[in-house]
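Here are the chains, one letter per residue:
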Amino acid sequence: MMRIFLISLILFSCTDSISTGQVSVSWQLLENKFTDSPHHVARLVLKNNSSTPIQSGWKLYFNTPFLSIYPDVQDPNFSIKHLQGDFFVVEGKGKTPTIPISGEISIEYRSKGPFLKNSYAPGGLILLRADGTHFEIEDYHVQNISVDQLAKMASQTPLPIPTPAYIFQQNEGLSIIPENKIPPYLPSPKSWKYTGETLKIRNAGLAVVGIPEFIDASKHLLLAIKDGYKPEVNKAEAPINIRIVKSPELAEEGYGISISGRKVVISASTPKGAFYGVQSFLAMMPPTFSTNQSNEIILPQVEIKDEPAYGYRGFFLDVARNFQPKSQILKLLDLMSIYKLNVFHFNLANDEGWRLEIPGLPELTDFGSKRGFSEDESEFLWPYYASGADSKISKRGTGFYTLADFQEILTHAKARNIEVIPELGVPAHSRAAILAMEKRFEKLLKAGKTTEALQYRLADPKDQSRYLSAQNFRGNTICVCQESTYAFYEKLVTEVKAMYQEAGVELKNWHTGGDEVPSGVWTESPICKEFVAENPDIKLEDLNDYFRSRAAEILKKNGLEMGGWEEIGQTYEGNIVVPNTKFSDHNWRLYAWNAVAGWGGEDMAYQLANAGYPVVICSSANFYFDLAYDWDPEERGHTWSGVTDMYQSWKTVPGKLYLSHDQTIEGNEWNWTEAQKNFTKLTPEGKKNIIGVSGQLWTETVKSPEMLEYYLFPKMLGYVERAWVGDPLWSESKTEVEMKKKRSEEWNVFANLIGQREIPRLETILGGFNHRIPKPGVIVKNGMIHANVQTPGLIIRYTQDGTDPVATSPIYNDPIPQKGGERFQVFSQKGNGGLVVTAN
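Residue positions are counted from 1 within each chain, in the order its sequence is given. In keeping with the model being predicted, local features are shown solely for residues with a pLDDT of at least 70 and side-chain atom pairs are shown and tallied solely at 80 or more, while totals for entire chains, interfaces and linings include all residues. Heavy atoms from the whole structure form the basis of all side-chain values; hydrogens and water molecules are not counted.

Which residues make up the sheet that holds strand β32 (residues 784–788), and what values go with them?
The criterion for strand pairing is that DSSP finds at least two bridges linking the strands in question. By definition, any uninterrupted DSSP run of H or I lasting at least four residues is a helix, any uninterrupted run of E lasting at least two residues is a strand, and each is numbered from the N terminus. Taken in spatial order, the three strands make up an open sheet running β31-β32-β34, and their pairing is antiparallel. Single-partner strands in this sheet number two, and they are β31 (777–781) and β34 (816–817). Bridging between β31 and β32 involves five bridges; their strand directions are antiparallel. Considered in β32, the bridge of G777 is made with N788. It only takes one pair of heavy atoms within 4.5 Å for two residues to be counted as in contact. Note on method: axes are straight lines fitted to C-alpha atoms, helices fitted across the in-contact stretch only, with angles between N-to-C directions ranging 0 to 180 degrees. Against the sheet, helix α2 (residues 164–171) touches β31 and β32, its axis set at about 100° to β31.

Laid out in structure tokens, this is it:
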């Protein structure tokens, strides 16, 4: 749908200079329609609060990925122009008018699709003056909508808007359970049994003895114990003996733990298993064990046998869209090892940034790692995702890892049994690299070094192909018809491989990206037209496959296995996407991601596995952690594949994916029986080809390390359980009624594990993690207010005087009479609180 902008000018008089705080902007939603041509109408108001006019010829830049790219502006003197990605500019078709002192410009627009999140309003506003100077607008107010307002707007749709009453309904069936009925740690071990009361031991001596093969695990355990246990040894106290022994019958990553009295035996068949056994033993210590030294240690009396369901248990992190500092990466690797995740899939480059130093190609980071404001994107990339006008202080728009940084990450991961798989995606998602190599080309050409200038060029300068990527970029796909592209790619592979070797880490797997190649690329490239003419066996539509084959050759030459998103193993039969059998015997590892519930691609992972590809299940509807927790307009995040909370990731059934949903993305019922009928059934060989799972965090909407942690926790914890445990027990039941009954029972146990044990740990370990505390469910029945929480063990507090609860407010235990003005809030045991809910 076209967008209509109404611009009005209110005139007053002038003089003096303008500072950043003397221009204000406000945004307001005027209309929000979910049915019958869904759209929303909103208004931006720009006001000059300074003592001097804003001269004619100004422009207003802003960011939002949630706006149509071709606006229809009613006033013929103005245009709203899409630049690249989420970056737009309001400008005049001649010149924008002068804004006098106290004058206002009102911009009203209509955009396709309903407005869903308060964070979807335009952001990162930058005013460019007529004289070429610019500043960020700091005085910007967005008039937010509430969850109740959104519920009214969406009332004619099945979209599950999380009002307090809806949340209460979702939480029904959850209740606090005794600690001895909860698994000892996360992820839940395969077999566990408490055999007696937990021992609390003070001032006893302690010894750790491990076989030489398990020396690293023994050292790790001893150092961790020294952090938490500092006894004044009393010789009258019997000592604690911890042995780490070899049990060849255990699986490669399996382990056993037996604690009887003061004797602890950790058994494993390999160093990996021994490490996971040690991590599991430490997970049974109190949350404050690593931060508050004590002369007391606890020993749960327990018998445990455990092993993972999958050999690949991955976590994917994108640092290209918005950068994360090295310290945050190391912190995440530490937590991954605690949760027994063993693959870190590291996305280091995309359209919006290049984040790894490559020797010999300094332009990749000199230009491609920086974001800031300029009119023509000549100095650095534009400030995508509202990352700030100043490239020097933009901590999330600007940044990269030096060789030393990256090698520290590699060695840190290796010590924790984590494989780091680099992703430098091609041929699409490559705009930062393309522009950086154009900088290199121009510099060397100017120096008279023509051959060297052309060596790594990625663009066809005369390409007139018209296309738009999934993230609304033009010119983001490299030219696959010239040899310089492959020289560049081999340069990357050899340099990154050398980084691993110098760090003493083996590089085995390489992720090529390969996803979302836009329709229309290369169609008007003179270089590609010449290439196709010279190679009659290759058609234009074959160029993607040609590129994949060439990339695979480079990787094979360097002894590396090739992986990529599902698209590298797909092709078209008419308009239908199907597995590409041409490459199915090449052992390319495919990451199956595009699984929007209700759109028809939910079983693509099975189709690819049946065709012969090794497959990692990355289901966007279950394991994409950049999706919002729910449809509350206050919850940040994407909604293109629905919403995902801890329950959605926990209830995933990798072996029976049709059981992983209750609703489609639109909120309609997902019928398990009908879905199973339409689902591809895994063959015996296909089952073997499902090698594991991966959870993803893309960072377009992630603005800081604290926000990154909020997106992950506790949402990611449901995935952690699935990655280690595999299919839940309830999925083995015979009938749908029995499955749903057992699912509720198992969910209650898991929710208690998180509320009683895991949230307190997250708030303490590794310096503590920011995490989302859920809103309480609240409902009024017969004049009594009832409340509940998704994770029993967290505390509901309330007030009855119209003020917000605090950490000392009364604790809700039983229904209370409604008097008016009651407010409810969930708190952790440490006193951190979530969002406030008012009883209506």
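Describe in detail unusual backbone geometry, supporting the description with residues and values.
Here the bond from L186 into P187 is cis, since omega is -5°, no more than 30 degrees from zero. Position of P187 relative to the elements: it lies in the loop between α2 and β12 (191–194). At H429, a residue that is not glycine, the phi angle is positive and equals roughly 55°. Within the element layout of this structure, H429 appears in the loop between β23 (419–426) and α8 (431–446). Judged by relative accessible area, which is 6%, H429 ranks as buried. Not every positive phi belongs to a glycine, and L766 is a case in point at roughly 55°. Position of L766 among the secondary structure elements: in the loop between α20 (736–762) and β31. The classification of residues rests on relative accessible area computed with a 1.4 Å probe and restricted to protein chains. Under 20% of the type maximum is buried, over 50% is exposed, and intermediate values are partly exposed. On the basis of relative accessibility, which here comes to 33%, the residue L766 falls in the partly exposed class.

Pulling in residues and values, what's your account of the layout of surface pockets?
Unoccupied space between atoms shows up once a probe the size of one water molecule is rolled over them. As a volume, the second largest pocket reaches approximately 1,000 Å³. Grid points spaced at 1 Å and placed over the protein atoms alone form the basis of the search, with a cavity being a set where a 1.4 Å probe fits but cannot get out and a pocket an open set showing protein on both sides within 12 Å along at least five of seven lines. Lining residues have an atom within 4 Å of a point. Lining the second largest pocket are 36 residues, with Y166, Q170, D645, Y647 and Q663 sitting closest to its centre. Of all the secondary-structure elements, those providing two or more residues to the lining of the second largest pocket are α2, α15 (646–650) and α20. With five residues, the top contributor of residues to the lining of the second largest pocket is α2. Residues that form the lining of the second largest pocket fall into these classes: 14 nonpolar, 13 polar and nine charged. Grid points are joined across faces, edges and corners, and a volume is the space filled by probe spheres set on the points. Ten residues, namely Ala, Val, Leu, Ile, Met, Phe, Trp, Tyr, Cys and Pro, are considered nonpolar, four, namely Asp, Glu, Lys and Arg, are considered charged, and the remaining ones, Gly among them, are considered polar.

A description of the sheet that holds strand β6 (residues 78–84) should follow, citing residues and the corresponding values.
Read from one edge to the other, the open sheet built from five strands follows the order β6-β7-β4-β9-β10, with strand pairing classed as antiparallel. At either margin of the open sheet sits one strand with a lone partner, and together these are β6 and β10 (134–136). Each neighbouring strand pair of the sheet contributes to a mean axis angle of 20°, computed without reference to strand direction. One ladder, built from four bridges, connects strand β4 (residues 59–63) with strand β9 (residues 123–128); its direction is antiparallel.

Before we move on, can you summarise helix α5 (residues 326–338) with the specific residues and values?
Each residue after the first adds 1.5 Å to the expected span of a helix. Between the first and last C-alpha of α5 there are 19 Å, a value that for 13 residues agrees with the 18 Å anticipated at 1.5 Å per step. Burial of α5 is extensive: eleven of the 13 residues sit out of reach of the surface. Those residues of α5 that fall on the buried side of the exposure criterion are Q328, I329, L330, K331, L332, L333, D334, L335, M336, S337 and I338. The secondary structure elements touched by the buried residues of α5 are α4 (271–283), β20 (312–318), β21 (343–350), α7 (403–414), α18 (705–712) and α20.

Can you lay out the side chain of Q471 for me, pointing to particular residues and giving the numbers?
Relative to the elements of secondary structure, Q471 occurs in the loop between α9 (450–454) and α10 (483–503). Within the structure, Q471 has its side chain in polar contact with the side chain of E516 (distance 3.3 Å). Beyond its immediate stretch of four places on either side in the chain, Q471 contacts G85, R321, H429 and E516. Whenever two N or O atoms come within 3.5 Å, that pair is a polar contact, provided that in protein one can donate a hydrogen and the other can accept it, and provided that, for residues adjacent in sequence, both atoms are side-chain atoms.

Kindly report on the state of the cysteines, identifying the contributing residues and their values.
Criterion for a disulfide: a pair of cysteine sulfur atoms at a distance within 2.5 Å. Scanning the model with the defined rule gives one disulfide in all. Disulfide partner of C481: C528, at an S-S distance of 2.2 Å. Judged by the sign of its S-S torsion, about 100°, the bond between C481 and C528 is right-handed. With a gap of 47 residues between them, C481 in the loop between α9 and α10 and C528 in helix α11 (residues 526–534) connect regions that are remote in the sequence. This pair shows no difference in class: C481 is buried, exactly as C528 is. Distance from the sulfur of C479, which forms no disulfide, to the nearest cysteine sulfur (C528) is 4.0 Å. The exposure class assigned to C479 is buried, which follows from its relative accessible area of 4%.

Describe in detail the packing of aromatic side chains, supporting the description with residues and values.
In this analysis, rings of Phe, Tyr and Trp, with Trp reduced to its six-membered ring, are considered paired at centre separations within 6.5 Å, and the interplanar angle assigns stacked below 30 degrees, edge-to-face beyond 60, and tilted for intermediate values. Within this structure, the stated rule accounts for 45 aromatic pairs. Plain terms: the ring middles of F316 and W565 are 5.5 Å apart, the flat faces sit at 75° to each other, and that makes the pair edge-to-face. Of this pair, F316 sits in strand β20 while W565 sits in strand β25 (residues 561–565), and the two are 249 residues apart along the sequence. Exposure class is identical for F316 and W565. Each is buried. Note on Y647 and W650: the rings are 6.1 Å apart at their centroids and 20° apart in plane angle, and the pair reads as stacked. Of this pair, Y647 and W650 both sit in helix α15, three residues apart, which is roughly one turn of the helix. W650 sits in the buried class, given a relative accessible area of 3%. Ring-pair connections join several aromatic residues into one group, and the members of that group are F315, F323, F344, F346, Y401, F406 and Y500. A ring has a charge above it when a Lys NZ or an Arg CZ is no more than 6 Å from the ring centre and no more than 35 degrees off the ring normal. Here K340 stacks its cationic end above the ring of W724, 5.5 Å away from the centre of that ring. Above the plane of the ring of Y629 lies K715, whose end atom (NZ or CZ) is 4.2 Å from the centre.

Describe the environment of A42, listing the residues and the values that go with them.
Mapped onto the secondary structure, A42 falls in strand β3 (residues 39–48). Separated by 483 residues in sequence, A42 and S525 have C-alpha atoms that sit 40 Å apart. Residues within four places of A42 in sequence aside, it is in contact with W27, Q28, L29, L30, I107, E108 and Y109.

Report on the packing of α5 against α7, specifying residues and quantitative values.
Interhelical geometry of α5 versus α7 gives an angle of 10° and a closest axis separation of 10 Å. By the angle class used here, α5 and α7 are roughly parallel. Every residue of α7 that contacts α5 at K326, I329, L330, L333 and D334 is listed here: D405, E408, I409, H412 and A413. When its residues are assigned to classes, the contact of α5 with α7 shows five nonpolar, one polar and four charged. Small angles under 35 degrees read as roughly parallel and large ones over 145 as roughly antiparallel, with 65 to 115 read as roughly perpendicular and the rest as oblique.

Give a detailed account of empty space enclosed by the protein, specifying residues and quantitative values.
Taken as a whole and judged by the stated rule, the model has ten cavities of 30 Å³ or more. What the largest cavity holds in volume is close to 90 Å³. Taken together, 17 residues line the largest cavity, and the ones lying closest to its centre are A595, G601, E602, S619 and L657. Taken together, the residues of the lining of the largest cavity break down into nine nonpolar, six polar and two charged.

Before we move on, can you summarise the confidence of the model for the protein chain with the specific residues and values?
Of the residues in the protein chain, 98% reach a pLDDT of 70 or more, and the chain-wide mean stands at 95. Ignoring residues within four places in sequence, the model shows residues 1–16, a span with pLDDT below 50, making 68 contacts including any to other chains. The predictor reports its confidence for every residue as pLDDT, a score running from 0 up to 100.

Can you tell me about the packing of helix α19 (residues 715–725) against α20, naming the residues and giving the values?
Following both chains from N to C, one finds α19 and α20 inclined at 115°, their axes separated by 11 Å at the closest point. Here α20 runs roughly perpendicular to α19, going by the angle between their axes. α19 and α20 meet at a crossing whose hand is right-handed. Within the contact between the two elements, α19 uses L717, G718 and E721 and α20 uses F750, I754, E758 and L762. Considered class by class, the residues forming the contact of α19 with α20 number four nonpolar, one polar and two charged. Rotating anticlockwise by less than a right angle from the far helix to the near helix defines a left-handed crossing, while the corresponding clockwise rotation defines a right-handed one.

Could you give me a rundown of the nonpolar core, with the residues and numbers involved?
In globular proteins that are soluble, nonpolar side chains generally tend to be buried together. Take the buried Ala, Val, Leu, Ile, Met, Phe, Trp, Tyr and Cys residues and link them wherever side-chain atoms come within 4.5 Å; each set so joined is a nonpolar core. One finds F315, F344, F346, W354, L364, F488 and F824 to be the most contacted residues of the largest nonpolar core, which totals 156 residues. A per-element tally of this core places α10 first, with nine residues. Counting 41 residues, the second largest nonpolar core, distinct from the first, contains L67, F78, V142 and I145.

Which residues make up the side chain of T701, and what are the values?
Among the secondary structure elements, T701 is positioned in the loop between β30 (690–697) and α18. With a relative accessible area of 9%, T701 lands in the buried category. The contacts of T701, once residues within four sequence positions are left out, are D626, R636, G637, H638, M707 and Y711.

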